[in-house]
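Given next are the chains, with one letter for each unit.
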Amino acid sequence: MTQPFVLAITNRKGGSGKTTTAVNLAAEWASQGRRVLVIDLDTQGHAGFGLGVDADKSAPSAHDLFHHPEFDIASAVHATVWANLWCVPADPLYDGMVSIRDASLLDRQIRRPEMNIYDIIVLDTPPSLDLVLTNAMAAADGIVIPLLAHALSAEGVRQLSRLFYKTVTTVNPSLKLIGLLPVMANERIGHNRAVIADISRQFGPERMLHPIRTDIQLAAAFGARQPIRYFAPRSRGALDYNLLATALASFWHWSPVGTDRVGMGSLELQRKVP
Ligand SMILES: Nc1ncnc2c1ncn2[C@@H]1O[C@H](COP(=O)(O)OP(=O)(O)OP(=O)(O)O)[C@@H](O)[C@H]1O
Ligand SMILES: [Mg+2]
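Residues numbered from 1 in each chain as written. Chains lettered and ligands numbered in written order. Predicted model: local features only at pLDDT ≥ 70, side-chain atom pairs only at ≥ 80, totals over all residues.

A. Fine view of the overall build of the protein. Helix and strand counts for the protein stand at 9 helices and 8 strands. In terms of C-alpha radius of gyration, the protein reaches 17 Å, essentially the compact-globule figure of 19 Å for 274 residues. Projecting the C-alpha coordinates of the protein onto the three principal axes gives extents of approximately 50 × 40 × 35 Å. For the protein, the share of sequence-separated contacts (at least 6 apart) that also reach a separation of at least 24 residues comes to 76%. (Helix = DSSP H or I, 4+ residues; strand = E, 2+ residues; numbered from the N terminus. Rg over C-alpha atoms; globule rule 2.2 N^0.38 Å. Contact = placed C-beta atoms within 7 Å.)

Structure follows, in structure tokens:
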């Protein structure tokens with residue numbers, strides 16, 4: 001079994017579509033037969049909520065890794081009601097007071113052999129710059145940055161890119177910036193187009209992923225605690241996330257493998273990103 005690809009969905013700016021993207025990409029890949037684990041690193045607990053996971057307050061959570069050296073993340077995995085889709089919920093009571101200050105804690109957990117049963121691990125990250133976010137960057141193989149096409153979001157992306165380059169030059173040289181993802185985009189709004197063009201000039205057009213359009217059904221799906229593909233399969237949001245999941249999969253060269261993964265079809269995500 002190969003190690004899972006670890007994808008962090010991240011942006012320093014709050015409310016930029018990180019959780020919506022994490023939950024819906026994960027659900028798309030799971031529906032295609034890939035084994036997907038979402039780790040909710042945001043104490044708001046929105047990814048777990050959106051995936052319908054109700055964890056007992058005393059149950060192990062993602063944030064336990066900052067407190068207990070003997071913690072095993074596999075013990076914090078919850079099944080969702082959907083096949084191939086699991087979640088490690090956040091600890092809503094985590095207050096940032098950590099017992100162990102180490103940027104590699106999450107990476108070490110994820111690289112445990114028990115985690116090799118997953119094809120991909122999606123990290124939903126908090127907007128704050130703290131040990132949680134630096135752990136996510138250190139553990140990830142690639143990052144996707146969802147962004148709102150507003151003037152202020154360019155600054156959020158610049159802040160995040162500084163952290164990205166710091167991570168690449170220190171703890172995680174193989175981290176890849178997979179793409180920037182405009183969300184709640186409306187091509188008819190000139191300001192949206194101008195911001196996207198500006199970010200595209202800065203990071204390169206090849207880094208721009210196809211936008212996710214504004215769709216109120218995405219917000220409604222979150223309220224109903226379901227990925228959009230189950231809540232409103234014919235919606236714009238469902239179509240956009242389906243196309244994005246497919247585009248990312250081809251970017252990563254899903255390749256044929258043997259038959260050891262039940263229900264996988266014949267696809268496997270290779271960790272290598274071009
Ligand atoms: N494409 C979209 N169309 C309409 N609403 C959206 C879309 N994407 C996200 N939303 C809504 O926007 C709000 C913020 O999205 P989301 O929670 O995914 O952002 P976030 O970056 O995870 O926020 P935070 O930084 O607080 O964790 C949510 O209410 C969500 O339902
Ligand atoms: Mg969020």
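There is more to say after this.
B. Focus on unusual backbone geometry. Its identity is not glycine, yet Met184 carries a phi of approximately 50°, on the positive side. You can see Met184 is positioned in strand E7 (residues 176-185).

C. Broad picture of the site of ligand 1. Lining the immediate environment of ligand 1, one finds 21 residues, of which Gly14, Lys18, Thr19, Thr20 and Ala219 sit closest. Those elements giving two or more residues to the shell around ligand 1 turn out to be helix H1 (18-31), E7 and helix H7 (216-223). The greatest single-element share of the shell around ligand 1, amounting to 4 residues, is contributed by H7. Looking at the shell around ligand 1 residue by residue, the class counts come to 8 nonpolar, 10 polar and 3 charged. (Near = placed C-beta within 6 Å. Nonpolar A, V, L, I, M, F, W, Y, C, P; charged D, E, K, R; others polar.)

D. Focus on the environment of Leu133. One can find Leu133 in helix H4 (residues 131-139). Sequence separation between Leu133 and Ile228 is 95 residues; the distance between their C-alpha atoms is 26 Å. In this view, Leu133 contacts Thr10, Thr125, Pro126 and Ser128; residues no more than four positions away in its chain are not counted.

E. Region of interest: the confidence of the model for the protein. Looking at the protein, the pLDDT average stands at 88 and 91% of residues meet or exceed 70. Counting interchain partners and residues more than four positions distant, the pLDDT-below-50 stretch residues 255-274 has 33 contacts. (pLDDT = per-residue confidence, 0-100.)

F. Examining the environment of Arg213 more closely. Counting through the fold element by element, Arg213 comes out in strand E8 (residues 212-213). Taking the C-beta count within 10 Å as the criterion, Arg213 has 17 such neighbours and is therefore assigned partly exposed. For the pair Arg213 and Met184, spaced 29 residues apart in the sequence, the C-alpha separation amounts to 4.9 Å. Excluding anything up to four places from it in sequence, Arg213 contacts Ala185, Arg236 and Asp240. (Buried ≥ 20, exposed ≤ 12 C-beta atoms within 10 Å, placed from the backbone.)

G. A look at the pairing of strand E4 (residues 85-88). Alternating positions in E4 separate into two faces, Leu85 and Cys87 on one and Trp86 and Val88 on the other, with burial throughout. In terms of strand pairing, strand E2 (residues 36-40) meets E4 through 4 bridges, oriented parallel. Across the sheet, residue Ile39 finds its bridge partner in E4, namely Val88. (Pairing = 2+ DSSP bridges.)

H. Structural view of H4. Burial of H4 is extensive: 8 of the 9 residues sit out of reach of the surface. Residues of H4 that are buried include every one of Val132, Leu133, Thr134, Asn135, Ala136, Met137, Ala138 and Ala139, and no others. Where H4 is buried, its residues touch strand E1 (5-9), helix H3 (105-110), strand E5 (120-124) and helix H5 (151-169).

I. Up close: the sheet that holds E7. Strand order in the open sheet made by the 8 strands is E3-E4-E2-E5-E1-E6-E7-E8, with mixed pairing throughout. Edge positions in the open sheet fall to strand E3 (78-79) and E8, since each of these has one partner strand only. Both E3 and E4 contribute to a ladder of 2 bridges, which runs antiparallel. When the bridges of E4 are listed, His78 appears paired with Cys87. Packed onto the sheet, H1 meets E1, E2, E4, E5, strand E6 (142-148) and E7 and runs at close to 165° relative to E5. Sitting on the sheet, H5 touches E6 and E7, and the angle it makes with E6 is about 165°. (Axes fitted to C-alpha atoms, helices over the stretch in contact; angles between N-to-C directions.)

J. Local environment of H1. With 14 residues, H1 should reach 20 Å at 1.5 Å per residue; the first-to-last C-alpha distance of 20 Å fits that figure. For H1, a buried count of 13 out of 14 residues is recorded, marking the element as mostly surrounded by other parts of the structure. Two residues or fewer past H1, Gly33 is found with a positive phi of approximately 100°. (Expected span 1.5 Å × (residues − 1).)

K. Up close: the environment of Ile121. Its place among the elements puts Ile121 in strand E5. Using a count of 26 C-beta atoms within 10 Å as the deciding quantity, one classes Ile121 as buried. In this structure, the C-alpha to C-alpha distance between Ile121 and Arg111, residues 10 residues apart in sequence, is 11 Å. Sequence-distant contacts of Ile121, defined by excluding residues within four places in its chain, comprise Pro4, Val6, Leu37, Ile39 and Ile110.

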